[in-house]
Amino acid sequence: MFDQFSKSQQLINQNSNILIIPGEEINGDSLGSMLALYHALKKSNGAEKNFHLYLPDDIPSRLQFLINKKEIERSVLPAKTAIISINNELNNIAALRYEKQNDKLKIILSLNNDCAVQYDDIKIEALSLNYDLAIILDTPNLINLGKIYEKYSEIFSKIPIINIDHHKNNWRFGNTNLTNPNASSTAEITKEFINFLNIPYDKNIATCLLCGIIEKTQSFRKPQTPPIIFRLASELISEGADKELIIKHLYKTKPINTVKLWGEIMKNLKHDRHKKFVSCLIPETVFQKTETNPSFLKQLTDDLKENFSACENFLILWESRNKICGIFTTKRADRLNETERFIKNALNSVNCEIKNDYLVLQMPERNIYRAESLIFNLINQCI
């Protein structure tokens, strides 16, 4: 890892406009790691370089305490810009105006007498964004960046990338790859990188990193949490990390709509003690009734794992615009990869991929009960 740290440091030193991006699935680890690195790099290079954050709009409310909102507002990616160029070397164009009609924008040219504009005189080009390095955290591949990759894919083919991640299925897509599948979290790797850069901690950096570690180890209750994590957490607390603030927001404070959704989940819960399996179906009307959306479900799945500690396998399926979506997670990490391969081989129509220790499912099925029977039976063959 020393070589990768060194090469990453060189990339940061060589570039001035640096974009820092978390994975599409925002959690305490992805957000905490990104913000910690952002604050650390600003602290050591802020006068010489420009660091820009990209964040989606729907950051979970329980993580908002990490964010300096003024800072984020200054750091959001600008809207993509297109330039329409019209050849006017013969002074054909006297005036220009535009009109909006329903879903169309009409650009109207007033031409000088006996003049015309040909198709070849008009050119449309995208205005490129001025970044020369991307640092991507807590995502196994570029596709999992979601909307930003779809909208700005040209960025990632033109500039170098530093890839920081702990997932076992990371594609090592970066020019440098700070990846460690044995790390508890991306925050653990980020902390190691900040140490390598010899950047001193402050309360903000330490709190962001500790949030990532607490989130991914479920407040140190995961059975596979190694002893070194307690030492790392202790170091961060000694640097000013506010553990009580983190615990309060991650675990003790739940918005009323989250509590309502939890109630609906408990109503529809199925518990198979023999298979150590907990599952739940959520009709689309439940999200409307509780004023929530599917982004709430991953945290509630973690709550299920905590409340049903004797169970190993957890499945939630929900209706979403003429398709059925789902998340499956298990306390046996080896089963997750096996289950993904099995479902892909058994059903071409089911979209499934592993994201942050969850198997995310989508299937073109309108009947949630038929979908439950199909997915449940497939998963049962793997466990």
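All chains use their own residue numbering, which begins from 1 and follows the written sequence. This being a predicted model, a pLDDT of at least 70 is required before a residue's local features are given, and a value of 80 or more before pairs of side-chain atoms are given or counted; all residues contribute to the totals for chains, interfaces and linings. Only hydrogens and water are set aside when side-chain values are computed; all heavy atoms of the structure are taken into account.

Draft legend 1. Geometry of the overall build of the chain. Here a helix means four or more residues in a row that DSSP labels H or I, a strand means two or more in a row labelled E, and each is numbered from the N terminus. The helix and strand tally for the chain stands at 14 helices and 15 strands. Along the longest, intermediate and shortest principal axes, the C-alpha atoms of the chain span 85 × 55 × 40 Å. Exposed residues in this analysis have more than 50% of their type's maximum accessible area, buried residues have under 20%, and partly exposed residues fall in between, with area computed by a 1.4 Å probe over protein chains only. Within the chain, buried positions represent 48% of all 383 residues. For the chain, the proportion of contacts with a sequence separation of at least 24, taken over those separated by at least 6, is 67%. Residue exposure ignores everything except the shown protein chains as possible cover, and the areas themselves are Shrake-Rupley values with a 1.4 Å probe. As displayed, the chain has an accessible area near 20,000 Å², and 48% of this comes from carbon and sulfur atoms. When charges are counted, Lys and Arg are positive and Asp and Glu negative, with His and the chain ends excluded. Note on charges: their place is set at NZ of Lys, CZ of Arg, CG of Asp or CD of Glu. Across the chain, 48 positive and 45 negative side-chain charges occur, with their mean positions spaced 5 Å apart. In what follows, a contact means two residues having at least one pair of non-hydrogen atoms within 4.5 Å.

Draft legend 2. Quick peek at helix α6 (residues 186-196). For α6, a buried count of eight out of 11 residues is recorded, marking the element as mostly surrounded by other parts of the structure. Of the residues one or two after α6, Asn198 is the one with positive phi, at around 60 degrees.

Draft legend 3. Structural view of the environment of Ile20. Within the secondary structure layout, Ile20 lies in strand β1 (residues 17-22). When its relative accessible area of 0% is taken as the criterion, Ile20 is described as buried. Taking the C-alpha atoms as reference points, Ile20 and Tyr54, separated by 34 residues in sequence, lie 6.4 Å from one another. Sequence-distant contacts of Ile20, that is, excluding residues within four places in its chain, are made with Met34, Tyr38, Leu41, Phe51, His52, Leu53, Tyr54, Ile135 and Leu137.

Draft legend 4. Just the pairing of strand β12 (residues 313-319), in detail. Burial analysis of β12 places six of its seven residues in the buried class, the great majority of the element. When DSSP finds at least two bridges between two strands, those strands are taken to pair. As defined by bridge partners, strand β11 (residues 277-282) adjoins β12 across six bridges and the pair is classed as parallel. By the bridge assignment, Leu281 is partnered in β12 with Leu317. Across seven bridges, the pairing between β12 and strand β13 (residues 324-330) is antiparallel.

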